[in-house]
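What follows is each chain in one-letter form.
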Amino acid sequence: MATRSGVGVAMAARSLLSARAVIAFLLLLLPRVLQAQTFSFPFQQPENCDNNQYFDISTLSCVPCGANQRQDARGTSCVCLPGFQMISNNGGPVIICKKCPENMKGVTEDGWDCISCPSGLTAEGKCHCPTGHILVERDVNGTLLSQATCELCDGNESSFTVANALQDRCIRCEPTFVNTSRSCACSEPNILTGGLCFSSTGSFPLRRISTTRYGEIGMYLTSEWFAKYLQSSAAACWVYANLTSCQALGNMCVMNMNSYNSATFDACRLFQFIFENAAGLGAIHSISFWRQNLPWLFYGDQLGLAPQVLSTTSLPTNFSFKGENQNTKLKFVAASYDIRGNFLKWQTLEGGVLQLCPDTETRLNAAYSFGTTYQQNCEIPISKILTDFPTPIFYDVYLEYADENQHQYILAVPVLNLNLQHNKMFVNQDSNSGKWLLTRRIFLVDAVSGRENDLGSQPRVIRVATQISLSIRLVPNTINGNIYPPLITIAYSDIDIKDANSQSVKVSFSVTYEMDHGEAHIQTDIALGVLGGLAVLASLLKTAGWKRRIGSPMIDLQTVMKFLVYYAGDLANVFFIITVGTGLYWLIFFKAQKSVSVLLPMPVQEERFVTYVGCAFALKALQFLHKLISQITIDIFFIDWERPKGKVLKAVEGEGGVRSATVPVSIWRTYFVANEWNEIQTVRKINSLFQVFIVLFFLEVVGFKNLALMDSSSSLSRSPPSYIAPYSRILRYAVSAALWLAIGIIQIVFFAVFYERFIEDKIRQFVDLCSMSNISVFLLSHKCFGYYIHGRSVHGHADTNMEEMNMNLKREAENLCSQRGLVPNTDGQTFQIAISNQMRQHYDKIHETLIRKNGPARLLSSSASTLEQSIKAYHMMNKFLGSFIDHVCMSTFIFKLGSNAIFKKLSGNVNYFFKVTKSVNLEHSLGPSLFLSVTFNTFLIDEGYSFSSVLYYGNEATLLIFDLLFFCVVDLACQNFILAAFLTYLQQEIFRYICNTVGQKNLASKTLVDQRFLI
């Protein structure tokens, strides 16, 4: 027993080892098998299979049928050939067929039995019966007859029956046959049309037009649907008041674009005939355009009726964006009908009922959120349209609302069909709404009326609603969000079908909101007129100041051009103020309102605003270029006050000896000051790169750009599945302008309050540098006007060593030396100056010599005489301006420096009188040029460092507004903040480069500073 147990254990172990070995072998073999397999196979479709094959839905391929079999109608199974009965068919791939005997060649309708036929066979091998007969193959209890019979239906008055379409049972005749001929036959002189029988003695007009016109492609064709059913539907509606026939007639009128022509009896003319003759039946719901038994298709054809329908009665529903009574849902419902006039159902428009473009349900339903401007565009293949819309569905659209007692009502929504023709005129395409003819019923796709000869064939032409727009208008001066009846504007396109698989059509669906902006335009025009008038006055004052600055009393063409340039800048500010104010108004009042009282302007209405922005940018660009040209063409000279400290022995060339000469004054201090001036030419109070990036950060990352969406939400974020409304150009401008201004102003305040006080103030540092370098700066921005920076050192010398320099600074800090001001015991170092014409003439005379050879940049290629002449001119200018400041030049110069301190200095027989004063507030506001006289040489103490007006630093407001407008104009053109930011920074760098480059050349030319030392 133990031996057997041991043997069993051993055998079990060997079996386990064998199983593991097999598994290991399979695991090793499996990857190789997988590598050898391919997971692809031939692509076949049911239409690719032959007649003796069927498409196997399990193998997705064509499989041969068995013996005596062929493909069925669907192509996914096999059926027996004519003359063969089925023996076995379990729904699988195999069926068995058997040939019928010679005396029973027919096959029953179900295909399982053979039977003898009395009147021949059909192509499928089934029994055939004459017209009006039905085929009988079994008796009452289902027993199969040995021979089928054909039974004639009893059409006599006692039965009034006729064979049905399948000829398998007798049914009662159509009532019109019975009513007209008292039989199931519609014999002459009665009229058979559309399967209905009518008496020829009736008063209904028998003429009708079955031709359908497709105006867009200039085609006329005879519609099979109109030919079969137009007259019968009209006759049944008129004679019998058949409800579905009246609806079907109305549908055909709608398929014919609601077009009416009094000269022809088309669908709409027939409908109008019945409508006019049904006045005695009364109106439905007290609506005069809606007669009993008829659909409501028109609002009448009286001129001026459309404005009354659209603007007379408001909807008693209050819409609000926020608060406890928030209501932003537009509840549109539609009564839908099929092409034969049968009522299908009531349905809401949510879910994309009227939207041909596919999308998520959330995005589709966003079209009916009040205040959300909706836009949907797509391109749809014709093949998909034919598949999805084999027959048209017709909609009567209503807006559901509740009254004060919460009773539910519906308001009819009028339709403006742009394809409608009234007596061959497209009246609805007129801009005058008084000529419009409003309608009610619409459809999306008509693929039926374009079929010729056979309703089962592919249509030759289809009509597609390519543009559907739902416009909602706010009641003027409402504070509760009341609206007028919405208007559906629809446009159809006629498409000639040539190759449905390659053709496509573009469709769109939109929802727009509008209100009367007439009062807003009036207020804008008033503001523009008032501010424009003030701009004219300001420009006249600036022009008058400019005339005094150039010392010319004559009004010439140059004066007019200067006035226009000044006016361009001031008018640019006017447009800027109006556009920013308007944009912020719409942004705040639209986004922050609870009960709706304002709606955003439509894109067409924004054109005026965009024009204002364009004018502001163009005029501001002209002002900026004028200031830029003025900056890079100023007259400037550095007056070096340094004097030689002694004499040295100097070798004399050609004489072989030495002689004493004064120690030359170093030019490096002048080069150093010139470089500093060159650097501060484009110094600004804001960091341009920081400005661009921060604005872009708030717009794109934080999400401020979402405030510019044309919806009621004031959220900075949007969920990805939600619908993103189109942007309002006004709101985009308002948001970007507000951010740009806010960040710019914050930078300017930070720069003035903190940076200049605690880190560095480059303008004041430059003035200090001039004092430490013993160099003054003489600037002429105009012919007889400019600025003077007094840099004469109070220590007498600046070309010294470090120890003496530090000692001088210490003495100055401890007030052990005099003050730096031009006038003794004052600190005034910066002045606005007005010079006389005589002074200017002397300056120009010396300056001509100074720049005759284009400055020292050509020293290496100039002759020695030219070099000496330039150096001599430089020293002459330095001495002349130094004497001018020192009051020791010619006696014709009289300096007026105000009325504070009067003193007298004698130099020979010449008396010089000087007065020093500070500018008053009026001078700061209107400019000192209105108060400075160019008859004398006048100095005006300027503690505001207004010489920065010839630099970027002093024109920050102009630069900030120009950059803002450039950013906004690019964004309005391309709707892309990132591109606008990039181009804005690029233009800033380009103009900075131009200013630095050209300004550097001008500096070298005017000051005799070698351009090679300007780095």
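Everything quoted here is computed from the prediction, not taken from an experiment.

Where do I start with the overall build of the chain in this structure?
In terms of helices and strands, the chain carries 21 helices and 39 strands. In the chain, which comprises 1015 residues, the share counted as buried stands at 47%. Counting only contacts in the chain whose residues sit at least 6 apart along the sequence, the fraction spanning at least 24 positions is 64%. Accessible surface, the chain: about 51,300 Å² in total, of which carbon and sulfur atoms supply 57%.

It is not clear to me how the packing of aromatic side chains should be interpreted in this structure. Could you clarify?
The geometry of an aromatic ring pair is captured by two quantities: the separation of the ring centres and the angle between the planes. Inspection of the entire model under this criterion finds 51 aromatic pairs. The interplanar angle of 45 degrees and the centroid separation of 6.3 Å between the aromatic rings of Phe321 and Phe370 together place this pair among those described as tilted. One end of the pair, Phe321, is in the loop between α6 (305–311) and β19 (332–337); the other, Phe370, is in the loop between α7 (361–365) and β21 (374–381), with 49 residues separating them in the sequence. For the pair shown, Phe321 and Phe370 are each scored as buried. An aromatic cluster is present here, built from Phe778, Tyr788, Phe831, Tyr843, Phe884 and Phe939 joined pairwise through their rings. The positively charged end of Arg291 is found above the aromatic ring belonging to Phe275, 4.0 Å away from the centroid.

Explain the nonpolar core here, please?
Where a protein is soluble and globular, its nonpolar side chains tend to be buried together. One finds Phe332, Leu354, Phe370, Ile382, Val397, Ile462 and Phe967 to be the most contacted residues of the largest nonpolar core, which totals 134 residues. For this core, the element with the most residues is helix α10 (residues 557–591), which contributes 11 residues. Formed by 30 residues, the second largest nonpolar core is a distinct cluster that contains Val767, Leu779, Leu951 and Val1009.

Sorry if this is basic, but what is going on with the pattern of salt bridges here?
Side-chain pairing between opposite charges can occur once the charged atoms of the two side chains come close. The tally for this structure, following the rule as stated, stands at 27 salt bridges. Between Asp359 and Arg363 there is a salt bridge, with the nearest N and O atoms lying 3.5 Å from each other. A salt bridge links Asp494 to Arg463, with the nearest nitrogen and oxygen atoms 2.9 Å apart. Highlighted residues: Asp494 in strand β28 (residues 487–496) and Arg463 in strand β27 (residues 461–473), separated in sequence by 31 residues. A single burial state applies to Asp494 and to Arg463, both of which are buried. In this structure, a network of salt bridges that share partners links the residues Asp635, Arg840, Asp844 and Lys1006.

Help me understand the state of the cysteines in this model?
One covalent bond between the sulfur atoms of two cysteine residues makes up a disulfide. Throughout the structure, instances matching the rule amount to 10 disulfides. Sulfur-sulfur distance for the disulfide between Cys65 and Cys78 comes to 2.0 Å. Taking the sign of the S-S torsion, about -80 degrees here, the bridge from Cys65 to Cys78 comes out left-handed. With Cys65 in the loop between β2 (61–64) and β3 (69–71) and Cys78 in strand β4 (residues 78–80), this pair connects stretches of sequence that are 13 residues apart. A residue is classified by how much of its surface remains accessible, and Cys65, at 14% relative accessible area, is buried. With a sulfur-sulfur separation of 2.0 Å, Cys129 is cross-linked through a disulfide to Cys150. For the disulfide bridge between Cys129 and Cys150, the dihedral angle about the S-S bond is near -80 degrees, and by the sign convention the bridge is left-handed. Here Cys150 lies in strand β10 (residues 144–152) and Cys129 lies in the loop between β8 (114–115) and β9 (133–138), a separation of 21 residues in the sequence.

Definitions and limits used
Residues numbered from 1 in each chain as written. Predicted model: local features only at pLDDT ≥ 70, side-chain atom pairs only at ≥ 80, totals over all residues. Heavy atoms only, no water. Helix = DSSP H or I, 4+ residues; strand = E, 2+ residues; numbered from the N terminus. Buried < 20%, exposed > 50% of the residue type's maximum accessible area, 1.4 Å probe, protein only. Contact = heavy atoms within 4.5 Å. Areas by Shrake-Rupley, 256 points an atom, 1.4 Å probe, with all protein chains shown as cover. Phe/Tyr/Trp six-rings, centres within 6.5 Å; stacked < 30°, edge-to-face > 60°. Lys NZ or Arg CZ within 6 Å of the ring centre and 35° of its normal. Core = buried A, V, L, I, M, F, W, Y, C linked by side-chain atoms within 4.5 Å. Salt bridge = Lys/Arg side-chain N within 4 Å of Asp/Glu carboxyl O. Disulfide = S-S within 2.5 Å.

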